[in-house]
Structure formats: C-alpha cells, structure tokens
Amino acid sequence: MLRGLRVVVAGAGLGGLCLTQGPLRAGCAVQVFERDTSPDARRQGCRLHLDARAGLTAWRRP
Ligand SMILES: Cc1cc2nc3c(=O)[nH]c(=O)nc-3n(C[C@H](O)[C@H](O)[C@H](O)COP(=O)(O)OP(=O)(O)OC[C@H]3O[C@@H](n4cnc5c(N)ncnc54)[C@H](O)[C@@H]3O)c2cc1C
C-alpha cells in the first residue's frame, strides 16, 4: 500500500534513522537530510550500548 510513496526525513539522529526503517521495509523511497556536515562536526554522545536483543525484530519473534 505504501510502495511508491516518497518519504523525506529531516535529521539523521537516532530518531530519524529509526523512523526510516518502517517506510524502507514497506518499499518507499526514503531520503534523509542531515544538517551537520559530517558525523564529527559537533560533539555528540559518548556511546550507545546494543545488547543481543537489539538485533531482534518484532516479525522474527515467535
Ligand atoms: C552531551 C550528550 C551526551 C549523550 N550521551 C549519550 C550516550 O552516551 N548514550 C546514549 O544513549 N544517549 C546519549 N545522549 C542522548 C542522545 O544523544 C539522544 O537521546 C539522541 O541523540 C536523541 O536522538 P534524536 O534523533 O531525537 O535527536 P538527535 O540525535 O539530536 O538528532 C537530530 C538530528 O537532526 C538534525 N537536524 C535538526 N534539524 C534539522 C533540519 N532542519 N534539517 C536537517 N537536519 C536537521 C540534527 O543535526 C541532528 O543530527 C547524549 C546527549 C548529549 C547532549
């Protein structure tokens, strides 16, 4: 149903990149725009810890 839709996301932070996942999997063309010129253009967070559950997705769970 969403296939062929064009989605534009402003911001390539955690929220923006998470947001792209649904439309991408639904077959939409997704474009992400980021204001920062590079990943180290400004000081950002220290670290993000992902444990084994991070790789699990809702549709893979039994
Ligand atoms: C100093 C600091 C340290 C932190 N350390 C940690 C940590 O160690 N671990 C952790 O899990 N969390 C940490 N956090 C919290 C974490 O950074 C935030 O929870 C997370 O980044 C929020 O994600 P977000 O996508 O909402 O916003 P952001 O990460 O801020 O992303 C928004 C993005 O949108 C871009 N943007 C904004 N307006 C526009 C526009 N008009 N056009 C294009 N692009 C635009 C911005 O440049 C930015 O890249 C820290 C935060 C700070 C401030």
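Residues numbered from 1 in each chain as written. Predicted model: local features only at pLDDT ≥ 70, side-chain atom pairs only at ≥ 80, totals over all residues. Heavy atoms only, no water.

Right, let's get into the pattern of salt bridges. Within this structure, the stated rule accounts for 2 salt bridges. The salt bridge involving arginine 42 is made with aspartate 36; its shortest N-O contact spans 2.7 Å. Ionic pairing is found between arginine 53 and aspartate 51, a salt bridge with its closest N-O pair at 2.7 Å. A relative accessible area of 60% means that arginine 53 is categorised as exposed. (Salt bridge = Lys/Arg side-chain N within 4 Å of Asp/Glu carboxyl O. Buried < 20%, exposed > 50% of the residue type's maximum accessible area, 1.4 Å probe, protein only.)

Attention now moves to the confidence of the model for the protein. This prediction gives the protein a mean pLDDT of 86; 89% of its residues lie at or above 70. When mean pLDDT is taken per element in the protein, strand E1 (residues 6-10) scores highest with 97 and helix H1 (residues 14-25) scores lowest with 93. (pLDDT = per-residue confidence, 0-100. Helix = DSSP H or I, 4+ residues; strand = E, 2+ residues; numbered from the N terminus.)

Attention shifts here to the site of the ligand. Around the ligand lies a shell of 13 residues, among which Gly15, Glu34, Arg35, Arg47 and Leu48 are the nearest. Taking leucine 14, its main chain carries an N or O atom lying 3.2 Å from an oxygen atom of the ligand. A distance of 2.7 Å is found between an oxygen atom of the ligand and a side-chain nitrogen or oxygen belonging to glutamate 34. The class makeup of the residues in the shell around the ligand is 4 nonpolar, 4 polar and 5 charged. (Near = heavy atom within 4 Å. Polar contact = N/O pair within 3.5 Å; in protein donor to acceptor, adjacent residues only side chain to side chain. Nonpolar A, V, L, I, M, F, W, Y, C, P; charged D, E, K, R; others polar.)

This part takes up H1. Helical geometry: 3.6 residues make up each α-helical turn, so side chains three or four residues apart lie on a common side. The end-to-end C-alpha separation of H1 is 17 Å, in line with the 16 Å expected for 12 residues at 1.5 Å each. Within the span of H1, buried status applies to Gly16, Thr20 and Pro23. Each buried residue of H1 sits inside an arc of 65 degrees when the element is viewed along its axis, so together they form one side. For H1, the exposed residues lying more than 90 degrees away from the buried face are Leu14, Gly15, Cys18 and Arg25. Those residues of H1 that are buried are in contact with E1 and strand E2 (29-33). With its phi angle positive at about 90 degrees, glycine 27 sits one or two positions after the end of H1. (Expected span 1.5 Å × (residues − 1). Arc of directions from axis to C-beta. Contact = heavy atoms within 4.5 Å.)

For the rest of this paragraph, the subject is the environment of arginine 42. Secondary-structure assignment places arginine 42 in the segment after E2. A distance of 2.7 Å separates a polar atom in the side chain of arginine 42 from a polar atom in the side chain of aspartate 36.

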